[in-house]
Amino acid sequence: MKELREIIKAYDAAVLAGKKSALAAVVHLNGSSYRRPGARMLVTDDGELTGAISGGCLEGDALRKAMLVLSQQQSKLVTYDTSDEDDATIGVQLGCAGVIQVLFEPINPNNNNNPIQLLRKAVALRQKSVLVTLFSLEDKKNEQPGTCLLMEENGNISGAIPYPELHSYIMENVHHAMQLQASSFKNYVVKNISLTAFIEFLQPPVSLVVVGAGNDAIPMMQIADTIGWEVRVVDGRSTHAKRERFVGACQVLVSKPEKVLDQIPFDQQTVFVMMTHNYNYDLAMLKALLLRQVKYIGMLGPKKKLNRMLDELRDDGIALTDEQLNTIYGPAGLEIGAETAEEIALSIIVEIKAVLAGKDGGSLRNKQDGIHSRTDTFIETKKLY
């Protein structure tokens, strides 16, 4: 979400300056690539780039393609075949071993449902959404339909499917993507139309609640803020929980532990790290969190501290399920040899990312297959009639 927000900000600045803009988006991938489908980059007519569609190897050619799109004011689908050993298709040595489909769309500021405006709605509220982008792999010379529809979790729909005969089928897949919380690719064949849809599930950013406003909470907040997470800092001490100490935090709250959850937004992307160094405060906070469905509760400190807390909860008659126990990570963090506050913060942030992604946090060199699943980009074809 951070990259999308930066793209929207750059677009707004370009409009104020009277510049034209085009949006480049990775809409499909076969094989390996530095960026996955959904990666985007804004290009202005003076060559300014915001965001990225690769590790830097495609951006030069993408700039030239974007200028052509701005000149012709027509969307264009470009294939980058990085599996070619000679890389003759774009003239550079890439070595990614993937076939990347990049859609370039000129942005019309007078269109209230242009791609940027749809993205703006997707990030405006803290909710899940599904974005539909249509393109033709069979007929790349004709104008590509592009980013056309957004459905938000609250039911709001912006934009429209430009082909009425496909509307019901695509909307069925949109609702399915929202239910599964996963993106998919569908190819629709009807009469003389063959279109591929990138049905993109967009998750709100991670919301990290740092319980404890000591000095060691500052690097935790800084790292999380750098990677685009929302950060809130909570403490019972007004002497520590001061706004000026946590400039990047979206909320600094002085509160008793039992009142915290009533004062912050809470969803499936909300995680907690307890680091008050106050046993009773952490215990009360843990007790409150176990009543909610939290995917990650990090506990700073030794294992015996956590075991003592769990014993006290059981003594109070609180029966802990395996599901609840599996959400508690104590001591928090991956084993990377961390010692300083910054290193400890890094190890915890990485562990949270791994847990939310369903990964074990192991070394990539030990993987026997690819980094990403190849089935994630499988295109299902639907012949309608």
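Quick caveat, the model's predicted, so the values are computed rather than measured.

(A) Structural context of the nonpolar core. The biggest cluster of nonpolar side chains holds 26 residues, and the ones touching the most others in it are Leu-261, Phe-272, Met-274, Met-285, Leu-286, Leu-289 and Ile-297. Among the elements that make up this core, the one with the highest residue count is helix α7 (residues 279-289) (seven residues). The residues contacting Leu-289, other than those within four sequence positions of it, are Leu-261, Phe-272, Met-274, Val-294 and Ile-297. With 24 residues, the next largest nonpolar core counts Val-233, Ala-241, Met-275 and Ile-352 among its residues.

(B) Inspection of the sheet that holds strand β8 (residues 157-159) at higher detail. Read across the open sheet, the six strands follow the order β8-β7-β6-β10-β9-β17; overall the sheet is mixed. Single-partner strands in this sheet number two, and they are β8 and β17 (379-383). Across the sheet, the axes of successive neighbouring strands diverge by a mean angle of 20°, strand direction being ignored. Pairing of strand β6 (residues 129-135) with strand β10 (residues 193-202), which is carried by seven bridges, proceeds in the antiparallel orientation. When the bridges of β10 are listed, Thr-133 appears paired with Phe-198. Where helix α4 (residues 164-180) meets the sheet, its contacts fall on β6, β7 (146-152), β8, β9 (184-190), β10 and β17, and the angle it forms with β10 comes to roughly 25°.

(C) Inspection of the side chain of Gln-127 at higher detail. Within the fold, Gln-127 resides in the loop between α3 (115-124) and β6. Judged by its relative accessible area of 8%, Gln-127 is buried. Within the structure, Gln-127 has its side chain in polar contact with the backbone nitrogen of Asn-154 (distance 3.1 Å).

(D) Summary view of the packing of aromatic side chains. In the structure shown here, the tally under the stated rule is three aromatic pairs. Here the aromatic rings of Phe-185 and Phe-198 are separated by 4.9 Å at their centres, their planes lie at 10°, and the arrangement is stacked. Here Phe-198 lies in strand β10 and Phe-185 lies in strand β9, a separation of 13 residues in the sequence. Side by side, Phe-185 and Phe-198 carry an identical accessibility label, which is buried. If you follow Arg-292 out to its NZ or CZ, it ends over the ring of Phe-266, 5.0 Å from the centre.

(E) The domain arrangement of the chain, seen in detail. In terms of domain boundaries, the chain breaks down into domain 1 (1-202) and domain 2 (207-363). The interface is formed by five residues belonging to domain 1 together with 10 residues belonging to domain 2. Regarding the contact of domain 1 and domain 2, the summed buried area is about 500 Å², with carbon and sulfur atoms giving 30% of it. Area buried by domain 1 at its contact with domain 2 is led by Lys-2, Arg-126 and Gln-181, which between them contribute 90% of it.

(F) Quick look at the packing of α7 against helix α8 (residues 303-315). Two numbers describe how α7 lies on α8: the axes approach to 11 Å, and their chain directions differ by 55°. When the interaxial angle is binned, α7 and α8 end up oblique. For the pair α7 and α8, the crossing hand works out as right-handed. Side by side, α7 and α8 meet where Tyr-279, Asp-282, Leu-283, Leu-286 and Lys-287 of the first sit next to Lys-305, Leu-306, Arg-308, Met-309, Leu-310, Glu-312 and Leu-313 of the second. Classifying every residue of the contact of α7 with α8 gives seven nonpolar, no polar and five charged.

(G) Fine view of the sheet that holds strand β13 (residues 251-254). In space, the six strands of this open sheet follow the order β13-β12-β11-β14-β15-β16, with parallel pairing throughout. Taken across any chain shown, the strands that pair with only one partner, and hence form the sheet edges, are β13 and β16 (328-329). Where strand β15 (residues 297-299) and β16 come together, two bridges link them in parallel fashion. Across the sheet, Ile-297 pairs through a bridge with Ile-328, a residue of β16.

About the thresholds
Residues numbered from 1 in each chain as written. Predicted model: local features only at pLDDT ≥ 70, side-chain atom pairs only at ≥ 80, totals over all residues. Heavy atoms only, no water. Core = buried A, V, L, I, M, F, W, Y, C linked by side-chain atoms within 4.5 Å. Buried < 20%, exposed > 50% of the residue type's maximum accessible area, 1.4 Å probe, protein only. Helix = DSSP H or I, 4+ residues; strand = E, 2+ residues; numbered from the N terminus. Contact = heavy atoms within 4.5 Å. Pairing = 2+ DSSP bridges. Axes fitted to C-alpha atoms, helices over the stretch in contact; angles between N-to-C directions. Polar contact = N/O pair within 3.5 Å; in protein donor to acceptor, adjacent residues only side chain to side chain. Phe/Tyr/Trp six-rings, centres within 6.5 Å; stacked < 30°, edge-to-face > 60°. Lys NZ or Arg CZ within 6 Å of the ring centre and 35° of its normal. Domains from an automatic or database assignment. Buried area = accessible area lost by both parts, 1.4 Å probe. Parallel < 35°, antiparallel > 145°, perpendicular 65-115°, else oblique. Left-handed = near helix turned anticlockwise from the far one by under 90°. Nonpolar A, V, L, I, M, F, W, Y, C, P; charged D, E, K, R; others polar.

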